[in-house]
Amino acid sequence: MKKGFTIKKILINLIAFFVGILTMIPFVWMISASLMKTGESAKYPPKFFPSEVDFSHYIFLFQNLEMTRYFFNSLALALLVTMISLLFNSMAAYAFAKLRFGVKDKLFKFLLSLMIVPGQVTMLPLFLMLKQLGFINSYFGIIIPGMASVFGIFLLRQFMMSIPDSLIDAARIDGASDLKIFFKIIIPLSKSVLITLGIFTFIGTWNDFLWPLIVMTDSSMYTLPVALASLMGEHTQDTELMMAGSVITILPVVILFAFVQKYYISGILVGSIKE
Amino acid sequence: MKEKSNFWLVFLFLSPALSAILFFFIIPVVAALLISFTDFDIYSLGDLRRLRFIGFENYLKLFRDELFFKALFNTFYFVLVGGPLSILVSLFAALLLNSKLVKFKKLFRTIYFIPVVTTIVAVAIVWRYLYHPRFGILNYLISFLGINPVDWLGDPVFAMPAIIILAVWKNFGYNMILFIAGLQNIPVELYEAAELDGASNWFKFKSITLPLLAPTTFFTSIITMIGYFQLFAEPYIMTQGGPLNSTLSIVLYMYQEGFRWWNMGYSVSIAFVLFLIILSGTIIQFRYEKRIHY
């Protein structure tokens, strides 16, 4: 009995370890190949580690291929979309959670029903609209459609509903205005869920591809994923260079995730709670 | 304190988000529907007088479009094979990390989850090289199992499976988190009672774990299906829809028609068919869930 238990334990830990290795191989190889000399990664049998560490591809990306610009575009857009949408979504969420008005439930249900419509349906009309407004190849082209999201409103509302009404009523009796209640009570109390949604939005905007590909046609406005896709066309053979570009794109979100895992994972779980 | 809130107050709080959703989501959806009944293309973009209302012509054309059927077939292949496979791998990983015997659970959970947060464009580029027929490590690794090199992305038979493998690797961590939460919600007493009756592990899994996980399985199936129907970046980066259109997806076809050839009316009708497919898929799953609900 005891022995069978130990073998089982070793076996199951080995499987867990093995799955972990399989999950990590693409990343390990990506980082490793990005540090190889040009051409070193295209050898048989494949090499897992560089013979000597070579940073030249990173330097080339930043010095000759405008990587700084793309990085800045991605960072600025992700930050702007995150901040604006957090403000707009939390205001709407507060109204749905705590204010009283006639059509509230119907309106909220209608909003939720919009989640079934895939974003691709809106892309062409939105493109034409933003073109009319002169927002193609501008940050507005990405910020405007990202200003509010039904999912964000839903997530924040679920949390704000759990804030006791007595807190709000007490503040009101003390003469606090609704704006003051919102900014001084609701927002600070919702800090954890705001961080969660903020991380979701930041990572989502950073990783987004189809919409930036459509709106940003001028190379100076590319985000990292669009720039990578375009580099792929010209530098298909430069494996090491493409891997360095991938590292630069992936690393910031992975580092962010490492620090804020707890919030991200709790967000997935809250988001899955059915009405 | 049950009286209604001041109208202007409600308006102030709701209007920023709701007007953004109205102008940049709802109106575009309605506009898309209208455009799908026209022959809006690059010529009418220059001169709107050339725009004609053509009724259901775009949708009828889709029925006769072999390339569209190819895209439809490929996308269903991806959803119907890749979706269940993703969920199985997620469930397997969740059971693994939920086992009392496994050490370093948190570390493994983080590692398994990392692909989920990474940029799909970047990982698709990495996998393109992993799949390289001569220098890719995948072929190198399977050569130890005695398997001959496979031209993963260059062979119409293997291109879609290659994309499915990438998608499973990229996404299993997400549903795994949901399954772990589902598993932890199952009362331990149920297993203890079954053990007293001498139940086997398989019996416990089949009769306790699976039925009680049904709500989680249902939720993960729906979100996975919705997400997988929108397949785009993987074929765009790795195969451009090839070889022989074997990885052309609905969204990739929509993108090419709309934003490469500027057949806008046609492109939008493709987007609407995608919407109808996702809607029907969701309704079917809800029906099915009602039937199996305990």
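Here goes a summary of the coordinates provided. All of these numbers come straight from a predicted model, not from anything done at the bench.

Along the backbone of chain A there are 13 helices and zero strands. Element order for chain A, N to C, with α for helix and β for strand: α-α-α-α-α-α-α-α-α-α-α-α-α. For chain A, whose C-alpha radius of gyration is 24 Å, the value lies well above the compact-globule estimate of 19 Å for 275 residues. Its C-alpha atoms give chain A principal-axis dimensions of roughly 75 × 70 × 35 Å. Classification of the 275 residues of chain A by burial places 42% in the buried group. Across chain A, every contact between residues at least 6 apart in sequence was considered, and the portion connecting residues at least 24 apart equals 74%.

Once that is clear, we can look at the overall build of chain B. Within chain B one finds 13 helices and zero strands. Each helix (α) and strand (β) of chain B, taken in turn from the N terminus, gives the series α-α-α-α-α-α-α-α-α-α-α-α-α. Whereas a compact globule of 294 residues would reach a radius of gyration of roughly 19 Å, chain B reaches 24 Å, over 25% beyond that. Its C-alpha atoms give chain B principal-axis dimensions of about 80 × 75 × 35 Å. Taken across its 294 residues, chain B has 41% of its residues classed as buried. Here the contacts in chain B between residues at least 6 apart in sequence split such that 68% fall between residues at least 24 apart.

Next up on the list: the environment of B:W8. Within the element layout of this structure, B:W8 appears in helix α1 (residues 7–35). Residues B:W8 and B:E234, 226 residues apart in the sequence, show an inter-C-alpha distance of 47 Å.

This brings us to unusual backbone geometry. In this structure, A:P45 follows A:Y44 across a cis peptide bond, with omega equal to -5°. Mapped onto the secondary structure, A:P45 falls in the loop between α1 (2–34) and α2 (56–64). Following B:G242, the chain continues to B:P243 via a peptide bond in cis, the omega torsion being -15°. Residue placement: B:P243 occurs in the loop between α11 (233–238) and α12 (250–260). Positive phi outside glycine occurs at B:Q240, with the angle close to 50°. Considering the arrangement of structural elements, one finds B:Q240 in the loop between α11 and α12. At B:N245, a position not held by glycine, the phi torsion is positive, near 60°. Along the chain, the position of B:N245 falls in the loop between α11 and α12. Assessed through the 20 C-beta atoms surrounding it within 10 Å, B:N245 is described here as buried.

Let's shift gears to α12(B). Residue and element names in this part refer to chain B. Within α12, eight of the 11 residues are buried, which leaves it mostly tucked inside the rest of the structure. Taken together, the buried positions of α12 are occupied by I250, V251, L252, Y253, M254, Y255, E257 and G258. Note on α12: the residue one or two positions beyond its end, W262, has a positive phi of about 55°.

Next up on the list: the nonpolar core. Counting residues in each nonpolar core, the largest one holds 157 residues, and the members touching the most others are A:A92, B:A17, B:V121 and B:A124. Aside from chain neighbours lying at most four places away, what touches B:V121 is A:F209, A:P225, A:L228, A:A229, B:A233 and B:I237.

On to the packing of helix α5 (residues 120–132) of chain A against α1(B), then. Relative to each other, α5(A) and α1(B) sit at 100°, their axes nearing to 8 Å. Taken together, the axes of α5(A) and α1(B) lie roughly perpendicular to each other. Facing A:V121, A:T122, A:L124, A:P125, A:L126 and A:M129 of α5(A), the residues of α1(B) in contact are B:F24, B:F25, B:P28, B:V29, B:A31, B:A32 and B:I35.

All names here are of chain B. Secondary-structure assignment places N263 in the loop between α12 and α13 (264–292). Sequence spacing of N263 and Y43 is 220 residues, and the spatial spacing of their C-alpha atoms is 9.6 Å. When sequence neighbours within four positions are dropped, the list of residues in contact with N263 reads D41, E257 and G258.

Residues and elements named next belong to chain B. Assignment of secondary structure puts D47 in the loop between α2 (42–46) and α3 (57–64). Note on D47: 8 C-beta atoms within 10 Å, which makes it exposed. Remark: the alpha-carbon pair of D47 and A199, spanning 152 residues in sequence, is separated by 75 Å.

It is worth spelling out helix α9 (residues 178–189) of chain A at this point. Between the first and last C-alpha of α9(A) there are 15 Å, a value that for 12 residues agrees with the 16 Å anticipated at 1.5 Å per step. For α9(A), the full list of buried residues reads A:D178, A:I181 and A:I186. Down the axis of α9(A), the smallest arc covering the buried residues is 55°, so these residues share one side. Turned more than 90 degrees off the buried face of α9(A), the exposed positions are A:L179 and A:P188. Along its buried surface, α9(A) packs onto α3 (67–98), α7 (150–160) and α8 (165–173) of chain A together with α1 of chain B.

Before going further, it helps to examine the packing of helix α4 (residues 66–98) of chain B against helix α8 (residues 156–184) of chain B. The description of two helices packed together rests on the angle between their axes and the distance between the axes. All names here are of chain B. Between α4 and α8, the shortest axis-to-axis distance is 6 Å and the interhelical angle comes to 45°. Considering the angle they form, α4 stands oblique to α8. Once α4 is placed against α8, the crossing between them reads as right-handed. Per-class residue counts for the contact of α4 with α8 are 20 nonpolar, seven polar and no charged.

Conventions and cut-offs
Residues numbered from 1 in each chain as written. Chains lettered and ligands numbered in written order. Predicted model: local features only at pLDDT ≥ 70, side-chain atom pairs only at ≥ 80, totals over all residues. Helix = DSSP H or I, 4+ residues; strand = E, 2+ residues; numbered from the N terminus. Rg over C-alpha atoms; globule rule 2.2 N^0.38 Å. Buried ≥ 20, exposed ≤ 12 C-beta atoms within 10 Å, placed from the backbone. Contact = placed C-beta atoms within 7 Å. Core = buried A, V, L, I, M, F, W, Y, C linked by C-beta atoms within 7 Å. Axes fitted to C-alpha atoms, helices over the stretch in contact; angles between N-to-C directions. Parallel < 35°, antiparallel > 145°, perpendicular 65-115°, else oblique. Expected span 1.5 Å × (residues − 1). Arc of directions from axis to C-beta. Left-handed = near helix turned anticlockwise from the far one by under 90°. Nonpolar A, V, L, I, M, F, W, Y, C, P; charged D, E, K, R; others polar.

By themselves, these are just geometric observations and shouldn't be taken as functional.
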